[in-house]
Amino acid sequence: MHHKKLEEFRRDRLDEMSISELQQEMRNGTLTSEELVLMYKENISRRDKNTAAILELNPDALQIAQALDYERAHKGERSPLHGIPVLVKDNMNTADKMHTSAGSLALKDHYALQDAHVAAKLREAGAVILGKTNMTEWANFMSDKMPNGYSSRGGQVKNPYGPFDVGGSSSGSAAAVASNLAAAAIGTETSGSIINPAAQNSLVGIKPTVGLVSRSGIIPLSHTQDIPGPLARTVEDAVTVFAALIGQDPEDAISAMAGQFEGYDWTRHFNKEGLKGVTFGVPRNLFDEDIPKEQLEQFERALDSLRGCGAEIIDNVDLGADQDDLGFAVLLHEFKADLNAYLAKSNPQNPIRSMEDVITFNEEHTETMLKFGQNLLEQANSMSGKLNEREYVEALERNRYLAAEQGIGATLKELGADALVLPQDFGCNIGAAAGFPSITVPYSFSANREPFGITFTGHAFSEPALIEYAFAFEQAVKGRQKP
């Protein structure tokens, strides 16, 4: 494509193009992956000064794209992601010329020695890893005073829709996709970190069942709850990326469960009639005290939209668990054990070898590092790191029982409901503590243009059903608008 034509394509057509549309252009030979990378880089150079979503770009992206164009011409395409530029959150190892730092200046010079399993899966699918996105430092577990989307390394991520919370901790991944700086991005969730920024940026976010996507090579928070997943502009795009991430990894024991979805055909769940005869439970006790009036009104309208699509709503469901019961202790104890293991095994050139080292580094650079303090890091570091404390084991048992078996599991069964439906990211920590999947879909905007989304949550491994509901809902309401 000629430079002038490229510029026109970027200006008139690139925004909001879906992965399958981009793929079709490449198949037709009207577009190359190399041109796509150039166009997204151009968008980043023009738009990102307002959002600070991107921490760094992959110096090899253009040449990787050229190689993939060559491969397409000579061997055909690897997958629906062949040649598609994707961004990854800065807590994911990439064995390339980019750093992996979880947003912290303490790790600004850290190069990972091997790809995280998800990064390897993306490359295997033929995606181009375009760059690393900014995030809430240490996945929001440094200080409870830190705003969503702030990191010492990247500064404050801003919501492209206006002066609203950008959501966290996958803030940069969300702001970037919302602003059309890449086709899609990968985030990670421990408790709300995909669902929350997706809802805040008018995006689709998929938080998979723990076990479907490997966590190895990701700077951890909690091995019980951490899970990577996609952020995208449409359900179809999110599912295309999700499908590429699923897979077993000997480095992460629980990913053995991913076997059931290897080679699975997700496209059969893109069914516009997918809400007919479906029953949803609405656990109001998870949001009724905290939800702003305008969001509650939007949620009531969304429930009407669901009914209009043939779904039945069982209102005011009691999960028998509220968010305060759920173990914060699990995260506190696991963060120390998990982060220490990650840092101790990181590149030998990395001087930061433990949580203790992180805290010391922060204390030595108060100006840049301790703008919001580090009370959560200090609290986590005061744990033994051996995971044998009574408090930890009790919290873990409570999570499994209250959130999973009794909370979501038993409730859905007793009611004969298929899934739960919630406004925005309310109640996300119950699904997170249970390790269960959630999908957020854009619905509407407040009077002052703040995005509002709907979240579907279900049993472990109920992704096929949730994707069907999310797709049918999205097609019915067409809620996303670009900033």
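Shown above is the structure to which this text applies.
Residues numbered from 1 in each chain as written. Predicted model: local features only at pLDDT ≥ 70, side-chain atom pairs only at ≥ 80, totals over all residues. Heavy atoms only, no water.

Colleague: How would you sum up the overall build of the chain? Please name residues and give values.
Modeller: Within the chain, the regular secondary structure consists of 16 helices and 13 strands. Here the chain has a C-alpha radius of gyration of 21 Å; the compact-globule value for 483 residues is 23 Å, and the two agree. Taking the principal axes of the C-alpha coordinates as reference, the chain spans close to 60 × 60 × 45 Å. For the chain, with 483 residues in total, the buried portion stands at 62%. (Helix = DSSP H or I, 4+ residues; strand = E, 2+ residues; numbered from the N terminus. Rg over C-alpha atoms; globule rule 2.2 N^0.38 Å. Buried < 20%, exposed > 50% of the residue type's maximum accessible area, 1.4 Å probe, protein only.)

Colleague: Please give an account of the packing of helix α8 (residues 235-245) against helix α16 (residues 463-477) that cites residues and values.
Modeller: Taken N-terminus to C-terminus, the directions of α8 and α16 make an angle of 155°; their axes are 10 Å apart at the nearest point. In terms of axis orientation, α8 runs roughly antiparallel to α16. Facing α8, whose interface residues are Val235, Glu236, Val239 and Phe242, α16 presents Glu463, Ile467, Ala470, Phe471 and Glu474. Each residue belonging to the contact of α8 with α16 can be placed in one class, and the counts come to six nonpolar, no polar and three charged. (Axes fitted to C-alpha atoms, helices over the stretch in contact; angles between N-to-C directions. Parallel < 35°, antiparallel > 145°, perpendicular 65-115°, else oblique. Contact = heavy atoms within 4.5 Å. Nonpolar A, V, L, I, M, F, W, Y, C, P; charged D, E, K, R; others polar.)

Colleague: How would you sum up the packing of aromatic side chains? Please name residues and give values.
Modeller: In the structure shown here, the tally under the stated rule is 16 aromatic pairs. Each ring, one from tyrosine 161 and one from phenylalanine 445, has its centre 5.5 Å from the other, and the planes form 45°; the classification is tilted. Taken together, the positions of tyrosine 161 in the loop between β5 (155-156) and α6 (171-178) and phenylalanine 445 in strand β12 (residues 438-445) put the pair 284 residues apart, joining distant regions of the chain. Neither tyrosine 161 nor phenylalanine 445 differs from the other in exposure class; each is buried. (Phe/Tyr/Trp six-rings, centres within 6.5 Å; stacked < 30°, edge-to-face > 60°.)

Colleague: Describe the pattern of salt bridges, listing the residues and the values that go with them.
Modeller: Scanning all chains against the criterion turns up 27 salt bridges. Glutamate 7 is paired through a salt bridge with arginine 46; the nearest N and O atoms lie 3.5 Å apart. With glutamate 7 in helix α1 (residues 3-14) and arginine 46 in helix α3 (residues 33-51), the pair connects residues that are 39 residues apart, well separated along the chain. Take glutamate 7: its relative accessible area is 22%, and that puts it in the partly exposed class. Residues aspartate 15 and arginine 47 are paired through a salt bridge, measuring 3.1 Å at the closest nitrogen-oxygen approach. Taken together, the positions of aspartate 15 in the loop between α1 and α2 (19-28) and arginine 47 in helix α3 put the pair 32 residues apart, joining distant regions of the chain. Through salt bridges with shared partners, a single network forms among Glu7, Arg10, Glu42 and Arg46. (Salt bridge = Lys/Arg side-chain N within 4 Å of Asp/Glu carboxyl O.)

Colleague: Could you give an account of the pairing of strand β10 (residues 312-315), with specific residues and numbers?
Modeller: Both strand β9 (residues 279-282) and β10 contribute to a ladder of four bridges, which runs parallel. Across the sheet, the residue bridging to phenylalanine 280 is isoleucine 313, located in β10. Read as a crossover between parallel neighbours, the route from β9 over helix α9 (residues 293-308) to β10 is right-handed. (Pairing = 2+ DSSP bridges. Right-handed = clockwise from strand over helix to strand, strands pointing away.)

Colleague: Explain the environment of arginine 78 to me, using residue names and the numbers behind them.
Modeller: With respect to the helices, strands and loops of the structure, arginine 78 is situated in the loop between α4 (61-75) and β2 (85-89). Residues arginine 78 and leucine 62, 16 residues apart in the sequence, show an inter-C-alpha distance of 18 Å. When sequence neighbours within four positions are dropped, the list of residues in contact with arginine 78 reads Leu68, Glu71, Arg123, Glu124, Ala125 and Gly126. A polar side-chain atom of arginine 78 sits 3.0 Å from the main-chain carbonyl oxygen of arginine 123. (Polar contact = N/O pair within 3.5 Å; in protein donor to acceptor, adjacent residues only side chain to side chain.)

Colleague: Could you give an account of the sheet that holds strand β1 (residues 54-57), naming the residues involved and the relevant values?
Modeller: An order of β1-β3-β2-β6-β8-β7-β12-β13-β11-β9-β10 is seen for the 11 strands of this open sheet, with the pairing classed as mixed. On the outer flanks of this sheet lie β1 and β10, each paired with one strand and no other. When strand polarity is set aside, the average angle formed by the axes of neighbouring strands in this sheet is 30°. Contacting β1, β2 and β3 (128-133), α3 crosses the sheet at an angle of about 15° to β3.

Colleague: Give me the lowdown on unusual backbone geometry, citing residues and values where you can.
Modeller: Note that the residue after glycine 168, namely serine 169, is joined by a cis bond; omega there is 0°. We note that serine 202 has phi near 55°; this positive angle belongs to a residue other than glycine. Tracing the chain through its elements places serine 202 in the loop between α7 (195-200) and β7 (204-207). Residue serine 202 is classed as buried on the basis of its relative accessible area, which comes to 3%. Backbone geometry at lysine 478 places phi at a positive 40°, although glycine is not the residue there. In this fold, lysine 478 is placed in the segment after α16. For lysine 478, a relative accessible area of 57% corresponds to the exposed category.

Colleague: Describe in detail the pairing of strand β6 (residues 184-189), supporting the description with residues and values.
Modeller: Among the six residues of β6, six are classified as buried, and the element is accordingly described as predominantly covered. In this sheet, β6 lies alongside β2 in parallel orientation, the contact comprising three bridges. Bridging from a neighbouring strand, valine 86 pairs with alanine 184 of β6. For β6 and strand β8 (residues 227-232), the ladder comprises five bridges, and the chain directions are antiparallel. If you follow threonine 188 over to β8, its bridge partner there is proline 228.

Colleague: Break down the side chain of threonine 440 for me, with residues and values.
Modeller: Relative to the helices and strands, threonine 440 resides in strand β12. Side chain to side chain, threonine 440 and threonine 455 meet in a polar contact 3.0 Å long. Not counting residues within four places of it along the chain, the set of residues in contact with threonine 440 comprises Ile195, Ala198, Ala199, Leu203, Val204, Gly205, Ile454 and Thr455.

Colleague: Which residues make up the nonpolar core, and what are the values?
Modeller: Core analysis: the largest hydrophobic core is formed by 120 residues, its most contacted members being Phe280, Leu306 and Phe456. Beyond its immediate stretch of four places on either side in the chain, phenylalanine 280 contacts Leu275, Leu306, Ala311, Glu312, Ile313, Ile314, Ala417, Ala419, Leu420, Val421, Phe456 and Tyr469. The next biggest cluster of nonpolar side chains, apart from the first, holds 28 residues, and it includes Ala139, Leu331, Met355 and Leu376. (Core = buried A, V, L, I, M, F, W, Y, C linked by side-chain atoms within 4.5 Å.)

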